[in-house]
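Topology and contacts: notes
Chain by chain, the residues:
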Amino acid sequence: MASRAKQFNGFSYRALQQSNSKQRRLLSKTEQQWLKANGYKNLGWSNVIQLHQKISEFQNQTPPDDPTLEELFLQADRVGNKYLGDSEIAEFNQKLAQEVSEVSELIDQQFPDTEVEIIDFSHSQPKTQKKRR
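Let me begin by describing the structure that accompanies this report. (Residues numbered from 1 in each chain as written. Predicted model: local features only at pLDDT ≥ 70, side-chain atom pairs only at ≥ 80, totals over all residues. Heavy atoms only, no water.)

**Section: the nonpolar core**
- Within the largest apolar cluster, five residues are counted, these being Leu-27, Leu-35, Leu-51, Ile-55 and Phe-58.
- For this core, the leading source of residues is helix H3 (residues 45-61), giving three residues.
- Setting aside residues no more than four positions away along its own chain, Leu-51 makes contact with Asn-20, Arg-24, Leu-35, Tyr-40, Lys-41 and Asn-42. (Core = buried A, V, L, I, M, F, W, Y, C linked by side-chain atoms within 4.5 Å. Buried < 20%, exposed > 50% of the residue type's maximum accessible area, 1.4 Å probe, protein only. Helix = DSSP H or I, 4+ residues; strand = E, 2+ residues; numbered from the N terminus. Contact = heavy atoms within 4.5 Å.)

Shown next, in the form of structure tokens:
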């Protein structure tokens, strides 16, 4: 009879290891360090299963991902725009564009692009034709 490979929650050993690796990367650095300090390993069936269970505990304890800084700024911008008139929004956008332009000029002054690139297409080689006999 052919023996069936061991499985845990529908995962084979290798699939569970891969899942643990991916999920562990999503944890905070302190949680990752805690797992390492407390001997949780991703090698050996019992260790892999224990690591999987502990990672699941951490994920169930922590609230969903905090928004990124960019998301917070976009959300603040949307909220702020609710209380501004069209003329105020246009004025702000004009000032912002001017500031961005000034910063761009300063960057160009400090990091000039002195290299000139020339592409000469006049010396292209014609295709060689096969001679018929």
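The discussion continues.
**What about the side chain of Gln-17?**
- Tracing the sequence through the fold places Gln-17 in helix H1 (residues 13-26).
- There is a polar contact of 2.7 Å between the side chain of Gln-17 and the backbone oxygen of Asn-42.
- Once you skip the residues sitting within four places of it in the chain, Gln-17 turns out to touch Asn-42, Leu-43 and Val-48. (Polar contact = N/O pair within 3.5 Å; in protein donor to acceptor, adjacent residues only side chain to side chain.)

**Description of the pattern of salt bridges**
- In total, this model carries two salt bridges according to the counting rule given.
- Put simply, Glu-57 and Lys-54 hold a salt bridge, and the shortest N to O gap is 3.1 Å. Residue Glu-57 and its partner Lys-54 are located together in helix H3, separated by three residues, close to a single helical turn.
- Here Lys-95 and Glu-91 are joined by a salt bridge, their closest N and O atoms 3.3 Å apart. Within this pair, Lys-95 and its partner Glu-91 are both found in helix H5 (residues 86-110), separated by four residues, close to a single helical turn.
- By relative accessible area, which is 49% here, Lys-95 ends up partly exposed.
- Since its relative accessible area comes to 42%, Glu-91 is described here as partly exposed. (Salt bridge = Lys/Arg side-chain N within 4 Å of Asp/Glu carboxyl O.)

**Quick word on the packing of aromatic side chains**
- For the structure on display, the rule yields three aromatic pairs.
- In textbook terms, an aromatic cluster arises when at least three aromatic residues are bridged by ring pairs, as seen for Trp-34, Tyr-40 and Phe-58.
- Sitting over the ring of Phe-58, Lys-54 keeps its end group 5.7 Å from the ring centre. (Phe/Tyr/Trp six-rings, centres within 6.5 Å; stacked < 30°, edge-to-face > 60°. Lys NZ or Arg CZ within 6 Å of the ring centre and 35° of its normal.)

**Quick word on unusual backbone geometry**
- Positive phi values are uncommon outside glycine, yet Asn-9 reaches one of about 50 degrees.
- Inspection of the secondary structure assignment puts Asn-9 in the segment before H1.

**Focus on the packing of helix H2 (residues 29-37) against H3**
- Look at H2 against H3: their axes get within 12 Å of each other, and the N-to-C directions meet at 150 degrees. Judged by the inter-axis angle, H2 sits roughly antiparallel to H3. Two packed elements cross with a definite hand, and for H2 against H3 that hand is right-handed. Residues Glu-31, Trp-34 and Leu-35 of H2 form the contact with H3, whose participating residues are Leu-51, Lys-54, Ile-55 and Phe-58.
- Per-class residue counts for the contact of H2 with H3 are five nonpolar, no polar and two charged. (Axes fitted to C-alpha atoms, helices over the stretch in contact; angles between N-to-C directions. Parallel < 35°, antiparallel > 145°, perpendicular 65-115°, else oblique. Left-handed = near helix turned anticlockwise from the far one by under 90°. Nonpolar A, V, L, I, M, F, W, Y, C, P; charged D, E, K, R; others polar.)

So far we have only geometry, and geometry alone does not tell us how the molecule works.
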